[in-house]
Amino acid sequence: MKKAAERKKTKSVGLSAGTGAGSLSQEDPLLEGRLQELLGVAMRAGASDAKVISSADVVLDPRVRLKCLIPRCSAAGTCVHCPPDGLPLQETAAVISRYRKGIFFRVVVESELVSGPVVSEAIARKGAGQNRAALMLLGAYYLLVLQIAALLERRARQWGYEPSGYGAGTCRDVLCLFQPHCRALLTPRGCRHPDLSRPSMESCGMDVYTMGANVGWDIYPVGGSVRPEDVPKGSLMGLVLVA
C-alpha cells in the first residue's frame, strides 16, 4: 500500500504546473533516442538547423504578442492563430509545463526575401506587386516550416506522444492567401488545412530571437525597415514540444 501511494504521489507531481512531464525521461528510456531520430527527420525534411531543447528553454515574454498589435500587424485579427485571437500567454505557459523536451529548428532564408522592399510590398499588397515571384518563394519557406512541424508531430504521435507544434508567421498568408477569410476564425466550419495550420511561436508569446541566440544560432533582425545588405541571412524558426 505504501509503494502504491508513493507511485500515485510521483505521478501527481509529474503533471503539476512547472514540472510538466518531467519524469518522462525516466519512464521512457527510448525518449532521448527518439528525439535524436526526430532531429534527423527535421534535417532531411529541409531544416537548416535543429536542436533538442528543454521546455525550460522556451522563453515567454508578453511583449512579443504585444508587438503583433502595437503597431498593428497586417495579420492581426485575420487568422484564428494570430493576436488578439490564438493562445494567450497563460495558456501557452500551461501547455509548455506539460512537456520536458522538444525539437527547435530553423530554416535559413536569403536576406533579400526577409528584409527591404519585398517585405514592405508583401505587407501592403499581399503578393500582388512587382516582386510576386520573390513573395511566393518566401511563402514557400514559411510553408516548409509548417510542413516540418507537422511531420515531426506525426512521427511523435506514432510513438504514442502528444506533441504540440508551432510555426513561423501567420498561416493564413501561407495556406489561405487567395481565400477571402480564415474559415476557422469566422465560420463554424473549421480550418481548411488542419493538418498544416499551426500557431506561430511569436503569436503565442515565445521570444524566438532570444531562443535562437541561446542555442548558438546567428540571428539577425529582419523586416521592411532593414536593408538586405545589412542582413547576412534570415531565420524562420519552429518548435515541436514532444514529451
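Nothing here was measured: the structure is a model prediction, and the numbers come from that model.

Draft legend 1. Geometry of the environment of leucine 39. By the secondary structure assignment, leucine 39 is in helix α3 (residues 31-45). Overall, the relative accessible area of 14% leaves leucine 39 in the buried class. In sequence terms leucine 39 and phenylalanine 104 are 65 residues apart; their C-alpha atoms lie 8.9 Å from each other. Once you skip the residues sitting within four places of it in the chain, leucine 39 turns out to touch Ala50, Lys51, Val52 and Ile103.

Draft legend 2. Broad picture of unusual backbone geometry. The linkage connecting isoleucine 70 with the following residue, proline 71, adopts the cis geometry, with an omega of -10 degrees. For proline 71, the location among the structural elements is in the loop between α4 (62-69) and α5 (89-96). Cis geometry is found at the peptide bond from proline 83 to proline 84, where omega equals 5 degrees. Within the fold, proline 84 resides in the loop between α4 and α5.

Draft legend 3. Quick look at the packing of α3 against helix α8 (residues 132-158). Direction vectors running N to C along α3 and α8 enclose 150 degrees, while the axes themselves pass 10 Å from each other. For the element pair α3 / α8, the angle class is roughly antiparallel. Crossing handedness for the pair α3 and α8: right-handed. Contact residues: α3 offers Glu37, Leu38, Val41, Ala42 and Ala45, while α8 offers Leu144, Ile148, Leu151, Leu152 and Arg155. Residues that form the contact of α3 with α8 fall into these classes: eight nonpolar, no polar and two charged.

Draft legend 4. Quick look at the layout of surface pockets. In this structure, the largest pocket encloses a volume near 1700 Å³. Every residue lining the largest pocket is counted, 50 residues in all, and those nearest its centre are Cys73, Tyr142, Gly169, Glu202 and Val222. At the level of elements, α4, α6 (111-114), α7 (117-125), α8, α9 (171-175), α11 (208-214) and β4 (234-241) are the ones that each hand at least two residues to the lining of the largest pocket. The greatest single-element share of the lining of the largest pocket, amounting to seven residues, is contributed by α8. When its residues are assigned to classes, the lining of the largest pocket shows 30 nonpolar, 12 polar and eight charged.

Draft legend 5. How the structure looks around the sheet that holds β4. With antiparallel pairing, four strands are arranged side by side in an open sheet as β1-β2-β4-β3. Two strands close off the open sheet at either side, each with one partner strand: β1 (49-54) and β3 (164-166). This sheet shows a mean twist of 20 degrees between the axes of neighbouring strands, independent of strand direction. Pairing of β1 with strand β2 (residues 101-109), which is carried by six bridges, proceeds in the antiparallel orientation. Among the inter-strand pairings, aspartate 49 is bridged to a residue of β2, identified as arginine 106. Against the sheet, α8 engages β2, β3 and β4, with an angle of about 160 degrees to β2.

Draft legend 6. Representation of the pattern of salt bridges in the model. Under the defined criterion, the tally for this structure stands at nine salt bridges. One salt bridge connects aspartate 61 with arginine 63, and the closest N-O pair in it is separated by 2.6 Å. Assessed through its relative accessible area of 13%, aspartate 61 is described here as buried. Residue classification places arginine 63 among the exposed residues on the basis of a relative accessible area of 58%. When salt bridges that share partners are traced, they join Asp49, Arg106, Asp218 and Lys233 into one network.

Draft legend 7. Fine view of the pairing of β2. In terms of residue burial, β2 counts as a mostly covered element, since eight of its nine residues are buried. Pairing of β2 with β4, which is carried by eight bridges, proceeds in the antiparallel orientation. Considered in β4, the bridge of glycine 102 is made with leucine 241.

Draft legend 8. View of the nonpolar core. Grouped together as the largest cluster of nonpolar side chains are 28 residues, with contacts concentrated most on Ile103, Phe105, Val109, Ile148, Leu152 and Val242. Put simply, the parts of the chain that give this core at least two residues each are α3, β2, α6, α8 and β4. Per element, the largest residue contribution to this core is eight residues, and it comes from α8. Ignoring any residue separated from it by four or fewer positions in sequence, one finds valine 109 in contact with Val114, Leu138, Tyr141, Lys233, Gly234 and Leu236. Core analysis: the next-biggest nonpolar cluster, separate from the first, contains 15 residues, Ile96, Tyr166, Val208 and Leu239 among them.

Cut-offs used in this document
Residues numbered from 1 in each chain as written. Predicted model: local features only at pLDDT ≥ 70, side-chain atom pairs only at ≥ 80, totals over all residues. Heavy atoms only, no water. Helix = DSSP H or I, 4+ residues; strand = E, 2+ residues; numbered from the N terminus. Buried < 20%, exposed > 50% of the residue type's maximum accessible area, 1.4 Å probe, protein only. Contact = heavy atoms within 4.5 Å. Axes fitted to C-alpha atoms, helices over the stretch in contact; angles between N-to-C directions. Parallel < 35°, antiparallel > 145°, perpendicular 65-115°, else oblique. Left-handed = near helix turned anticlockwise from the far one by under 90°. Nonpolar A, V, L, I, M, F, W, Y, C, P; charged D, E, K, R; others polar. 1 Å grid on protein atoms, 1.4 Å probe; cavity = no way out; pocket = protein on both sides within 12 Å on 5 of 7 lines; lining within 4 Å. Points joined across faces, edges and corners; volume = space filled by probe spheres on them. Pairing = 2+ DSSP bridges. Salt bridge = Lys/Arg side-chain N within 4 Å of Asp/Glu carboxyl O. Core = buried A, V, L, I, M, F, W, Y, C linked by side-chain atoms within 4.5 Å.

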